[in-house]
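Summary of the model geometry
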Amino acid sequence: MRIGILHMLAIFFGISIAAEAVTIPRDLDAQDRAEVVRILGQETSGKILSNPFPLGGYSGFEVGISMEMINTADLVKLGCAPSSPGCPNQDSNEDELRYARLSAGKGLYNNLDVFIHFVPLTTGSDLSSFGATARYSFIEAEFLPVNVSLLVNGHHVNVNDDFQCLSFGADIVAGIYVDRLSLYMGLGQTHSAGTFIGGLSADGTVNSSDPQLSAQTNTVTTRVTENHSFAGLTLHFDHLFVAAQIDRYRDPTYSARVGLRF
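Keep in mind it's a predicted model, so treat the numbers as computed, not measured. (Residues numbered from 1 in each chain as written. Predicted model: local features only at pLDDT ≥ 70, side-chain atom pairs only at ≥ 80, totals over all residues. Heavy atoms only, no water.)

**Remarks on helix α2 (residues 30–42)**
For α2, which comprises 13 residues, the first-to-last C-alpha distance of 17 Å matches the rise-based estimate of 18 Å (1.5 Å per residue) to within 8%. A large share of α2 lies buried, amounting to eleven of its 13 residues. Within the sequence span of α2, burial applies to D32, R33, A34, E35, V36, V37, R38, I39, L40, G41 and Q42. Residue D29 occupies the N-cap position of α2, its side-chain oxygen lying 3.2 Å from the main-chain nitrogen of Q31. (Helix = DSSP H or I, 4+ residues; strand = E, 2+ residues; numbered from the N terminus. Expected span 1.5 Å × (residues − 1). Buried < 20%, exposed > 50% of the residue type's maximum accessible area, 1.4 Å probe, protein only. Polar contact = N/O pair within 3.5 Å; in protein donor to acceptor, adjacent residues only side chain to side chain.)

**Focus on the packing of aromatic side chains**
Counting across every chain of the model gives two aromatic pairs. When the ring of F163 is compared with that of F196, the centres are 5.0 Å apart and the planes differ by 45 degrees; the resulting orientation is tilted. Placement of the pair is F163 in strand β6 (residues 163–178) and F196 in strand β7 (residues 181–199), with a sequence separation of 33 residues. The same class applies to F163 as to F196, namely buried. (Phe/Tyr/Trp six-rings, centres within 6.5 Å; stacked < 30°, edge-to-face > 60°.)

**Structural notes on a nonpolar patch on the surface**
Nonpolar side chains collect at one region of the surface, where L108, Y109, L112, V114, Y136, F138, I139, L150, V152 and I172 lie side by side and expose about 870 Å² of accessible area between them. The set of elements that each furnish at least two residues to the nonpolar patch consists of β2 (96–109), β3 (112–119), β4 (127–140) and β5 (146–159). Per element, the largest residue contribution to the nonpolar patch is three residues, and it comes from β4. Within the secondary structure layout, L108 lies in strand β2. Overall, the relative accessible area of 38% leaves L108 in the partly exposed class. (Patch = residues over 30% accessible without salt bridge, like charges linked within 9 Å, V, L, I, M, F, W, Y side chains within 5 Å. Areas by Shrake-Rupley, 256 points an atom, 1.4 Å probe, with all protein chains shown as cover. Salt bridge = Lys/Arg side-chain N within 4 Å of Asp/Glu carboxyl O.)

Remember, this is a structural readout, not a statement about activity or role.
What follows is the structure, given as structure tokens:
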């Protein structure tokens, strides 16, 4: 059984790391920068992808690997046109970005859990990120397998040092567990601050003549706040679980995870 679980994780990991590189468009105006923050800042935030119920106190532990996919087709429409003089070819961006995320969770006290996660920088993608989530279950029905939790999370993403974004969010999550299957849905809000590098149109995400560009740091920061909703399900096989989730920011994102829960 243990060999079978490890084999499944190895296969899933091999599929997950097959990511495509993503390019930040050049010569972005304020509206374009906000769109990049939404696509690459908010939509890459950490996902639950797990049983919505607490890990069970200090002895609870969870580890997993997920494959996540976001729609990046709109990136090619931002900034200077690929045919413009001095503008690099933006057609290298694919319609979607796929990447792997490693995560681990630990129960702390009663219904309080903490999770950490990161996206390793691989040769297939210029994206890397890390973050953490705290979950507190404040309602658990006595006679029904129903649970309501508060999630507070933080997340940092870096794309080839051209773009960095720091996001914070809070969500209310409701879940139910029935016969090895858990279902959950949530609603909240995410606040993001993305930092862009200035320069000429050919080598900077922001044109050096942009009035919002800081002369001291040669950067500009764009802040975006969006509502966030999601729904997911988890299948349990003893210690092994498989989860899938759909998140909705401006556009939907899709993710799946294989993990072990003790």
